[in-house]
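Letter by letter, the chains look like this.
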Amino acid sequence: MSEPVAPDLGGRLPVAVVVPGGEKNAISTLGWQSVYRMLSEEPGLAVERVFPDKLGLTDGGAPKTRESNSPLSSFPVTAWSVTFEEDFLIIPRTLQAAGVPPLSAERSRLPLVMLGGPLAFLNPAPIAPFIDLFWVGEADDNFIPFFEKVKELVFEGADRDAILEAVKDLPGIYVPGRSKTPVKRLVTGGTGPLHDPAFSCFISGRATFRDTLLLEVNRGCPYGCRFCAAGFIYRPPRHAEIDELKRIVELTDPPKVGLVGTALTDWPDLLPFIKWLHEKKKKFSLSSMRADGITEDLLIYLRERGIRTITLALEGASERLRKMMSKKLDPNDFLNAVRLCARYGVNHLKLYLIIGWPGETDDDYEELAVFLEEIVRIRSEEPGGKKKQFMRITIGVSSLVPKPFTPFQWSPMMDEKSLAARMKMLTKMVKPFKGVTLHHDNPFQARLQGMLARGGEEMAEFIALAAEHGGWKKALKRWDGDMNAILDRERTEDEVFPWEVIDIGVKREYLWKEWSKAKAAQVSPGCPSIDCSKCTMCGMEEL
Ligand code: SF4
């Protein structure tokens, strides 16, 4: 087969940004859009987009770019962004459909297959055999110079092998099998204000959040909840500056702004900013909020602006479990937030709950039943706003997936049967409460996600089977690996994890101490959110 010819782009390096999962998925996710913007503003690069569907195809055929309808295989550089582990199988499918050998070891020529985003630094191992190089961390000051370097090499006629050798030890680059490990995660601008808040560049009626500019308010989270990967892999916690966010809104002029962040109510400028949005006649929405951040002023304002749904994360069924995860949530603050929501006429209250904690017992869920009764009682006592609405409550239940680089990385995951039994018990518990509904995830899917998130390079064989033979369930029947062996055992202190080819910045000893405290249900203080160089708590001062 002759080599596909790259489009003639007047001396610019053609780069295909690949976002698997189809167009709707792509325009609904934020991470890659900032990177796309940075690359397309660079005069030396010609950037196009490819949104392969679940089968790795676009418009039912070999993957092509949206802009010039050029085949993916004709691009010397392809930059991938994958958000969910369940989408891993689209990588080999897309490469195969493009006529590019899916395994990196089988490729002798370009395109270069590079991948960035959180999965590149949470655990690159399961997909490492498909990928030539990972971008580890945020797109900082090294990002554009890296592409300039690759452009120079491509235009000099360097082959794939020479390019990988030349870039393997650049900051933030992980070339499996070649780079010195661990590779340090890159952080933009260090501590201080969030240097480069992400915002969407495609505001579309077809996105999950319709006609909405998604805007990043904060990155990282100071609370250090032990189960939450975002609280560790995005350290240090940083807030955007209000003037910068105003500038972005003025520049993009969207009908609606969706504020995104791990700790929205911790942002001191939240209320002034949403007031400013209202003055500018922009609608807005907020992602989930901490119950202790819901003040009367904020809630009154949100209701006046027509916000009808509030989402609060309870996470643990009992006080003991919340201590285990170091949630730092006073149940009275939670009940107070419910009271305010009912009082000011919130139509729909969404609550998040996680099940499958190590050592959880029925007692933890009996405590939840009492707490739910209290929530329902408070709802019926409050007047329900001007229209005397009845506040619907939806409880969203998900299974604990012990993620890399969290204290729970040493934890076993609950087995599928026990997770299903717990879901069933919760469904029954909620049934007598009028206007309370419960949705839960699928325990098999959660276990699959756990295995894909925690596996090593041997997982690539399983991913290739799923890509070739019709999905994950069918692949499990053919694969000779053992899901239970990966998920069901508690790890020992010195066990080396596949993801430790990355240095996230948070020290292993800190995570181990946190795991020991989790087992003893002891709460730890949160991150003081000061300059990391003045704090020695988690190790970030050395990154
Ligand atoms: S070093 Fe201290 S301030 Fe910095 S992220 Fe860690 S705990 Fe937070």
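Treat the numbers as computed from the prediction; the structure is a model and nothing was measured.

Enquirer: What is the right way to read the sheet that holds strand E15 (residues 436–440) from this model?
Expert: Sheets are built from strands that pair by backbone hydrogen bonding, the pairs being arranged parallel or antiparallel. If you walk across this open sheet you meet the four strands as E12-E13-E14-E15, and the pairing is parallel. Both edges of this open sheet fall to strand E12 (309–315) and E15, since each of them pairs with a single strand only. Strand-to-strand twist across the sheet, computed as the mean angle between neighbouring axes with direction ignored, equals 20°. Two strands pair when backbone bridges link them, and strand E13 (residues 348–355) and strand E14 (residues 392–399) are joined in this way by eight bridges, in the parallel orientation. Pairing of His348 across the sheet is with Arg392, part of E14. Packing of helix H12 (residues 331–343) onto the sheet brings it into contact with E12 and E13, and relative to E12 it is tilted by some 165°.

Enquirer: Please clarify how the environment of Asp159 should be interpreted in this entry.
Expert: Along the chain, Asp159 turns up in the loop between helix H5 (143–155) and helix H6 (160–167). Distance from Asp159 to Leu112, taken between C-alpha atoms, is 9.9 Å for residues 47 residues apart in sequence.

Enquirer: I keep staring at helix H16 (residues 459–468) and nothing clicks. Help me out?
Expert: Every α-helix carries 3.6 residues per turn, so stepping three or four residues along brings you back to the same face. For H16, the tally of buried residues reaches eight of 10 residues, placing the bulk of the element in the interior. Residues of H16 that are buried: Met459, Ala460, Phe462, Ile463, Ala464, Leu465, Ala466 and Ala467. Lining the buried residues of H16 we find helix H3 (90–97), helix H15 (443–454) and helix H17 (472–478). Downstream of H16 by one or two residues, Gly470 has phi in the positive range, about 85°.

Enquirer: Honestly, the packing of H5 against H6 in this entry has me stumped. Any pointers?
Expert: Working note: a packed helix pair is described by the angle between its axes plus the distance between those axes. Two elements in contact, H5 and H6, have axes separated by 10 Å at closest approach and are oriented at 145°. Classified by chirality, the crossing of H6 by H5 is right-handed. Contact residues: H5 offers Phe146, Lys149, Val150 and Leu153, while H6 offers Ala162, Ile163, Ala166 and Val167. Classifying every residue of the contact of H5 with H6 gives seven nonpolar, no polar and one charged.

Enquirer: Looking at this structure, I do not really get the sheet that holds strand E8 (residues 212–219). What am I missing?
Expert: Taken in spatial order, the four strands line up as E9-E8-E10-E11 in an open sheet, and their pairing is mixed. Two strands lie at the open edges of the sheet, namely strand E9 (238–239) and strand E11 (283–286), each paired on one side alone. Sheet topology note: the E8/strand E10 (residues 256–261) ladder contains six bridges and is parallel. Residue pairing for E10: Leu213 is matched across the bridge by Val257.

Enquirer: Would you mind going over the pairing of strand E4 (residues 112–116) with me for this structure?
Expert: Side-chain direction in a regular strand flips from residue to residue, so the side chains alternate between the two faces of the sheet. For E4, the tally of buried residues reaches five of five residues, placing the bulk of the element in the interior. Every second residue of E4 is oriented toward a common face, with Leu112, Met114 and Gly116 on one face and Val113 and Leu115 on the other, all of them buried. Read as a crossover between parallel neighbours, the route from strand E3 (residues 77–81) over H3 to E4 is right-handed. In the sheet, E4 pairs with strand E5 (residues 133–135) via two bridges, with the strands oriented parallel. Paired with Met114 across the strands is Leu133, a residue of E5.

Calculation criteria
- Residues numbered from 1 in each chain as written.
- Predicted model: local features only at pLDDT ≥ 70, side-chain atom pairs only at ≥ 80, totals over all residues.
- Pairing = 2+ DSSP bridges.
- Helix = DSSP H or I, 4+ residues; strand = E, 2+ residues; numbered from the N terminus.
- Axes fitted to C-alpha atoms, helices over the stretch in contact; angles between N-to-C directions.
- Contact = placed C-beta atoms within 7 Å.
- Buried ≥ 20, exposed ≤ 12 C-beta atoms within 10 Å, placed from the backbone.
- Left-handed = near helix turned anticlockwise from the far one by under 90°.
- Nonpolar A, V, L, I, M, F, W, Y, C, P; charged D, E, K, R; others polar.
- Right-handed = clockwise from strand over helix to strand, strands pointing away.

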